[in-house]
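Breakdown of the fold
Each chain is listed here by its residues.
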Amino acid sequence: MPKYVLALVSLFATFQLQAQNIDRADFQEPSGGSAITIAVSKFDLEEGNSFFEDAEGLEKKGDFNEALTLFGKAAFEYNAAKNFNKYGQAIIKMSNMHYQLGRYSDAEQILLNVALKNYSKMGSRSGLMNTYSLLGKVYLANNKSTQSMWFYTQQGILAKQLKSNNSYIESILGIVQVKIKKKDFTLALRDLKTAEWLASSIKSTQYKAQISDAREAIASKTSLKKS
């Protein structure tokens, strides 16, 4: 059985443990006050950090299969340490490795069945927002335009709630890509202008290349359609 499959199997198993244990974490209340601290395993956390750092090194080298295995091990250790923020980061990394390897269905399953549940359990709107963004990208790559549009829309809704201008612009640019794929060029261009206006209003130039590429793609496809 390939290593990434083993990592995925162990990941789903540990998430089931998380679902059982997160509501009854090992709380310790000092006798002298009302502050509550969570008892975590320092060893598990350090192990997780070590696996995560090694995985990032492999990711930079383009060795996505090995990186996937180590990100899976990091997720296991973070879950054991009850550090669900880092656990979520490792999960996201695992899904991205699958995305890089063209395994869109695997990436989709991790995001839907693990990442979303983890961030929902945590009550993390920012975590959910980022997961929706990735789901939009994965579904678009897997030629599932309707689902992709829905997830980018959910990202935009949360971005507004969190007053995250960048994430809101990114959600619009994601929707633009969906509309280009669906050949809704007029609507795509309208959304692109909105994204450009929003970027200008916050004096951000980081989306300039994306906006330019999208505009060129629309111009190219519309000219081909006319010819």
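Up top is the structure.
Residues numbered from 1 in each chain as written. Predicted model: local features only at pLDDT ≥ 70, side-chain atom pairs only at ≥ 80, totals over all residues. Heavy atoms only, no water.

1. Quick notes on the side chain of Ser95
Position of Ser95 relative to the elements: it lies in helix H4 (residues 84–100). For Ser95, a relative accessible area of 3% translates into the label buried. At 2.7 Å, the side chain of Ser95 and the backbone oxygen of Ile92 are in polar contact. Every residue in contact with Ser95, bar those within four places of it in the chain, is listed here: Ala107, Ile110, Leu111 and Leu134. (Helix = DSSP H or I, 4+ residues; strand = E, 2+ residues; numbered from the N terminus. Buried < 20%, exposed > 50% of the residue type's maximum accessible area, 1.4 Å probe, protein only. Polar contact = N/O pair within 3.5 Å; in protein donor to acceptor, adjacent residues only side chain to side chain. Contact = heavy atoms within 4.5 Å.)

2. Remarks on unusual backbone geometry
Positioned with a positive phi, Lys82 is a non-glycine residue whose angle comes to about 60 degrees. Mapped onto the elements, Lys82 comes out in the loop between helix H3 (64–80) and H4. The phi torsion at Lys163 lies on the positive side, around 55 degrees, for a residue other than glycine. Residue position: Lys163 is located in the loop between helix H7 (145–161) and helix H8 (165–181). With a relative accessible area of 74%, Lys163 lands in the exposed category.

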